[in-house]
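# Understanding the architecture of this molecule
Here's the letter readout for the chains.
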Amino acid sequence: MICLKEKNVSPVVVAGHSLGELTAYYAAGVISLEQALRIIDARGKAMGKSHPSEDSAMSAVIGMEREKLAEALKPFESYPVVIANDNCPGQIVISGRKEGVEKASEAIKALGSRVIALPVSGAFHSPLMAKGSAELHTFLKNVIVNKEKRKEHILEKMLYVSELEKKNMKKYIDFIDPSKKYNLNINIGNSLELDLST
C-alpha cells in the first residue's frame, strides 16, 4: 500500500477478511499504518487470552449449504460450535471447542460433506472469543479514526456471501480460482473477485 500511495494509486473499493479487515481499513485511509500495527498487536494478545488454544478448533466444511450446516450444528451448540466464516459458495468454516468441532465434523461427514481441520491457535469468530472481543473493544475506543472513511464491523462474523447479498453487491461478484485464471502452478481455492464495470 505504501508503494501504491507513493504513486498516487488508491483503491476504489476495499474488503478484508478477518485480520484483512484491518488491512482494508488502512488501505481505505480509515486508520494509519502505526494504528493498524497497534491494533493487530492488541487483537492478537486479546484473542490469545480468550480461550486456551489446546481446546480450540476450526474446520472448513466443503459442499454443504449454509442452512443445512446450521441444522447439522444444532446438537453441538452447547460446546459451542458455530458457523464462523461463510467464505464462498461451497466453503463454510465452523469454530468452537475442540471436542465439539471434532464431533460436529464427524456428523457433517456422515451427511456427505468434506471437512478439513484447519491449523489454528484459537476458535476465532466464535463466542469463545468474547473475552478478547470485549478487551479489544475497550482498546479500540481510544483509536482515533478518519470518521469520513469509517467502514462497518471489525468484530463481526465473516459472513461475506450473505453480507454482500444484503448490500445488493452480489451482482458485482464472481468466485474464481486465481490459480486457474492466472495459470499458476499452485492450488489457492476460490477467491472473491469484484467486477464494478457492470
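Residues numbered from 1 in each chain as written. Predicted model: local features only at pLDDT ≥ 70, side-chain atom pairs only at ≥ 80, totals over all residues. Heavy atoms only, no water.

### Observations concerning helix 3 (residues 33-50)
Here helix 3 spans 26 Å end to end across 18 residues, near enough to the 26 Å set by a 1.5 Å rise per residue. Burial in helix 3 covers these residues: Ala-36, Ile-39, Ala-42, Arg-43, Ala-46, Met-47 and Ser-50. In an axial view of helix 3, the angular spread of the buried residues amounts to 135°, which keeps them on one side of the axis. Those residues of helix 3 that are exposed and angled more than 90 degrees off the buried face are Leu-37, Arg-38, Lys-45 and Gly-48. (Helix = DSSP H or I, 4+ residues; strand = E, 2+ residues; numbered from the N terminus. Expected span 1.5 Å × (residues − 1). Buried < 20%, exposed > 50% of the residue type's maximum accessible area, 1.4 Å probe, protein only. Arc of directions from axis to C-beta.)

### Focus: the sheet that holds strand 3 (residues 91-97)
In space, the four strands of this open sheet follow the order 2-3-1-4, with antiparallel pairing throughout. Looking at which strands have only one partner, the edges of the open sheet turn out to be strand 2 (81-88) and strand 4 (114-118). Neighbour-to-neighbour, the strand axes of the sheet open up by a mean angle of 25°, direction not taken into account. The sheet contact formed by strand 1 (residues 56-62) and strand 3 spans seven bridges and is antiparallel. Within strand 3, the position partnered with Ala-57 by the bridge is Gly-96. Sheet strands in contact with helix 5 (residues 98-110) are strand 1, strand 2, strand 3 and strand 4, and its direction is about 140° off that of strand 3. (Pairing = 2+ DSSP bridges. Axes fitted to C-alpha atoms, helices over the stretch in contact; angles between N-to-C directions. Contact = heavy atoms within 4.5 Å.)

### What about the nonpolar core?
Formed by 16 residues in total, the largest nonpolar core has its most connected members in Val-61, Leu-69, Leu-73, Val-81, Ile-94, Ala-104 and Ile-108. Among the secondary structure elements, those contributing two or more residues to this core are strand 1, helix 4 (66-73), strand 2, strand 3 and helix 5. Those residues in contact with Leu-69 that lie beyond four places of it in its chain are Val-61, Met-64, Ile-83, Ile-92, Ile-94 and Ile-108. With twelve residues, the next largest nonpolar core counts Ala-28, Ile-39, Leu-136 and Leu-140 among its residues. (Core = buried A, V, L, I, M, F, W, Y, C linked by side-chain atoms within 4.5 Å.)

### Some thoughts on the packing of helix 3 against helix 6 (residues 130-140)
At a minimum axis distance of 7 Å, the contact between helix 3 and helix 6 shows a crossing angle of 155°. With respect to their mutual orientation, helix 3 and helix 6 come out roughly antiparallel. Along this stretch, helix 3 crosses helix 6, giving a crossing that reads as right-handed. Taking contact as the criterion, the partners of Arg-38, Ile-39, Ala-42, Arg-43, Ala-46, Met-47, Lys-49 and Ser-50 in helix 3 are, on helix 6, Lys-131, Gly-132, Glu-135, Leu-136, Phe-139 and Leu-140. A class-by-class count of the residues in the contact of helix 3 with helix 6 yields seven nonpolar, two polar and five charged. (Parallel < 35°, antiparallel > 145°, perpendicular 65-115°, else oblique. Left-handed = near helix turned anticlockwise from the far one by under 90°. Nonpolar A, V, L, I, M, F, W, Y, C, P; charged D, E, K, R; others polar.)

### Some points on unusual backbone geometry
With omega at 0°, the peptide bond leading from Tyr-79 into Pro-80 counts as cis. With respect to the element layout, Pro-80 can be found in the loop between helix 4 and strand 2. Of note, the phi angle at His-125 is positive, near 60°, even though the residue is not glycine. Looking at the element boundaries, His-125 is found in the loop between strand 4 and helix 6.

### Description of the pattern of salt bridges
Applying the stated criterion across every chain yields a total of eight salt bridges. Between Glu-34 and Arg-38 there is a salt bridge, and its shortest N-O distance comes to 2.7 Å. Separated by four residues within a single helix, Glu-34 and Arg-38 lie in helix 3, roughly one turn from each other. Here Glu-34 falls in the partly exposed class, since its relative accessible area comes to 49%. (Salt bridge = Lys/Arg side-chain N within 4 Å of Asp/Glu carboxyl O.)

### Quick word on the environment of Ala-57
Relative to the elements of secondary structure, Ala-57 occurs in strand 1. Note: C-alpha distance between Ala-57 and Gly-100 (43 residues apart in sequence) is 8.6 Å. Among all residues touching Ala-57, those that are not within four sequence positions of it are Ile-94, Ser-95, Gly-96, Lys-98, Val-101, Val-120 and Ala-123.

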